[in-house]
Amino acid sequence: MIKIVHYINQFFANIGGEEMAHVKPEVREGFVGPGMGLEKLFKGEAQIVATIICGDSYFNENLEEAKAEVLEMVKKYEPDLFIAGPAFNAGRYGVACGTIAKEVEDKLNIPVLTAMYQENPGADMYKKHLYIVETRNSAAGMRTALPAIANLALKLAKGETIGLPSEEGYIERGIRKNYFAEQRGSKRAVDMLVKKLKGEEFITEFKMPVFDRVDPHPAVKDITKCKVAIVTSGGTVPKGNPDHIESSSASKYGEYDIEGVMDLTAETYETAHGGYDPTYANTDSDRVIPVDVLRQMEKEGKIGSLHRYFYSTVGNGTAVASSKKFGEEIANKLVADGVDAVILTST
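Residues numbered from 1 in each chain as written. Predicted model: local features only at pLDDT ≥ 70, side-chain atom pairs only at ≥ 80, totals over all residues. Heavy atoms only, no water.

Right, let's talk about the pairing of strand S6 (residues 132-135) for a bit. Across four bridges, the pairing between strand S5 (residues 112-117) and S6 is parallel. Across the sheet, Ala-115 pairs through a bridge with Val-133, a residue of S6. In the classification by handedness, the crossover that spans S5, the intervening helix H5 (residues 121-126) and the parallel S6 is right-handed. (Pairing = 2+ DSSP bridges. Helix = DSSP H or I, 4+ residues; strand = E, 2+ residues; numbered from the N terminus. Right-handed = clockwise from strand over helix to strand, strands pointing away.)

Okay, structure coming up:
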């Protein structure tokens, strides 16, 4: 019987949502949550002997301690395989799954497996190191995710040869392997070209990266007549973080009214951003979004006016898809409000 230890977060353990993301690692005997589905799919070949549960915030904000705690829990069961997730498009959960899976693989030298959406930041961070089963972007894809996880898990545990990503369902790792093809390269290339010219489907043998190309906007003609807005990924928020923007892998952005605000003080504003020392940002949030300087420029007539609202989110580990969504929504609001120019700031 193949022994498996499974790692999940507080949500899939049915402990709670964001309000319980602070819970420390705990271990329960047997399967919990999605482990029930995996156990059935193993059909008696493997058994989840223990499930480790940890809150997403606790893991990401106490990285070294969390890794050490979870590793000790895994060691106790001497498993043949370690599975983390699936995390789908939950950014902090995906990062936690990738981080602990790599830690277990490196320290315990046993096969590991995780699963998440391809645009989860954890996928980009760990796809070259781990087998990551590709899932849909939400738990609605659980039904298709679990069979792929179970199949690949059994293969890894048995030491069987792992096929191509298209065969096994994992995210491409960027690893190239030599093999003997029936046709030489020139013939294969011409065949692909002909299919492309005919508009037929073909599979490339070497995928090229796709980069966004954004045409630069024309320069502002007269900044003294412009309404200027501030947008930041530096996480500046009113004191208390009223929208509960996450410190990593943000799922939202905030819109904040600065009408009449001349200066961002330590008593009124702070940063929600994790991953760096926030001391200077919390002492004076104008260091992240320069409201004080722009107010002075507004007074001196160097800019037309400062827009009533600023928009803020956290860039730390936030998924590309989420960032694009935020950007589109914010841009539409700025255009509707007649904003002429935007200052973008980070940490």
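Strand order in the open sheet formed by six strands is S2-S3-S1-S4-S5-S6, and the pairing between neighbours is mixed. For this open sheet the edge positions go to strand S2 (26-29) and S6, each flanked by a neighbour on one side alone. When the angles between neighbouring strand axes are averaged without regard to direction, this sheet yields 25 degrees. With eight bridges connecting them, strand S1 (residues 2-9) and strand S3 (residues 46-54) associate as parallel partners. Considered in S3, the bridge of Asn-9 is made with Cys-54. Helix H4 (residues 91-108) rests against S1, strand S4 (81-84) and S5 of the sheet, and its axis sits at about 165 degrees to S5. Strand contacts of helix H6 (residues 142-158): S1, S3, S4, S5 and S6, with the helix running at about 160 degrees to S5, the strand carrying the most contacts. (Axes fitted to C-alpha atoms, helices over the stretch in contact; angles between N-to-C directions. Contact = heavy atoms within 4.5 Å.)

We now examine helix H1 (residues 35-42). The set of residues buried in H1 consists of Gly-35, Leu-38, Glu-39 and Phe-42. Along H1, the residues classed as buried sweep out an arc of 100 degrees about the axis, all on the same side. Where the residues of H1 are buried, they touch S1, S3, S4 and H6. Positive phi shows up at Lys-43, right after H1, with a value of about 50 degrees. (Buried < 20%, exposed > 50% of the residue type's maximum accessible area, 1.4 Å probe, protein only. Arc of directions from axis to C-beta.)

Here we take up unusual backbone geometry. Cis geometry marks the peptide bond from Gly-85 to Pro-86; its omega dihedral reads 15 degrees. With respect to the helices, strands and loops of the structure, Pro-86 is situated in the loop between S4 and H4. Phi is positive for Asn-14, close to 65 degrees, though the residue is something other than glycine. Among the structural elements, Asn-14 can be located in the loop between S1 and S2. Residue Asn-14 is classed as exposed on the basis of its relative accessible area of 72%.

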